[in-house]
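Listed below, chain by chain, are the residues.
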Amino acid sequence: MGKLDEVKEILNTLRVAMSIGFGLLVVIVGGLIKRYDEKIIDTLFWSGVGFAMLTLAVISLLMISISKKTKEIKDL
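Everything in this summary refers to the structure shown in the same document.

Conventions and cut-offs
Residues numbered from 1 in each chain as written. Predicted model: local features only at pLDDT ≥ 70, side-chain atom pairs only at ≥ 80, totals over all residues. Heavy atoms only, no water. Patch = residues over 30% accessible without salt bridge, like charges linked within 9 Å, V, L, I, M, F, W, Y side chains within 5 Å. Areas by Shrake-Rupley, 256 points an atom, 1.4 Å probe, with all protein chains shown as cover. Salt bridge = Lys/Arg side-chain N within 4 Å of Asp/Glu carboxyl O. Helix = DSSP H or I, 4+ residues; strand = E, 2+ residues; numbered from the N terminus. Contact = heavy atoms within 4.5 Å. Phe/Tyr/Trp six-rings, centres within 6.5 Å; stacked < 30°, edge-to-face > 60°. Buried < 20%, exposed > 50% of the residue type's maximum accessible area, 1.4 Å probe, protein only. Axes fitted to C-alpha atoms, helices over the stretch in contact; angles between N-to-C directions. Parallel < 35°, antiparallel > 145°, perpendicular 65-115°, else oblique. Left-handed = near helix turned anticlockwise from the far one by under 90°. Nonpolar A, V, L, I, M, F, W, Y, C, P; charged D, E, K, R; others polar.

Focus: a nonpolar patch on the surface
Then, in step 1: A cluster of nonpolar side chains, namely Leu24, Phe51, Leu54 and Val58, defines an oily patch on the protein surface of about 340 Å² accessible area.
Then, in step 2: Examining the composition of the nonpolar patch, we find that three residues originate from one element, helix H2 (residues 43-75), more than from any other.
Then, in step 3: Tracing the chain through its elements places phenylalanine 51 in helix H2.

Points about the side chain of threonine 55
Then, in step 1: Tracing the backbone through its elements, the reader meets threonine 55 in helix H2.
Then, in step 2: Setting aside anything within four residues of it in sequence, one finds threonine 55 in contact with Gly21, Leu24, Leu25 and Ile28.

Considering the packing of aromatic side chains
Then, in step 1: Counted according to the given criterion, the structure contains two aromatic pairs.
Then, in step 2: An angle of 85° between the planes, with centres 5.1 Å apart, marks the rings of phenylalanine 45 and tryptophan 46 as edge-to-face.
Then, in step 3: Note on phenylalanine 45: relative accessible area 9%, which makes it buried.
Then, in step 4: Taking the relative accessible area as the measure of exposure, tryptophan 46 reaches 53% and is therefore exposed.
Then, in step 5: Counting every residue linked through ring pairs, the aromatic cluster contains Tyr36, Phe45 and Trp46.

A short note on the packing of helix H1 (residues 3-37) against H2
In a pair of packed helices, the angle between the axes and the distance between the axes together describe the arrangement.
Then, in step 1: Where H1 meets H2, the closest approach of the two axes is 9 Å, and the angle between their N-to-C directions is 160°. What the angle tells us is that H1 and H2 run roughly antiparallel. The handedness of the crossing between H1 and H2 comes out as left-handed.
Then, in step 2: Looking at the contact of H1 with H2 residue by residue, the classes come out as 24 nonpolar, five polar and six charged.

Listed below in structure tokens is the structure:
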């Protein structure tokens, strides 16, 4: 496998991971909104908020990695 194909495969994997991350974030935020509407603000709610922030950080790192790999393809 050539270097270009290897970088493209990594890029596709990162894109899939980012899509899964966005889906997970939508589910988490939906659950948080439901708990907030029902006025259930407890430890689980705050744990969900923390996990949503962590998911956002992971998505940001994935986006940075995608950007780097895209630039790497340009250089090949």
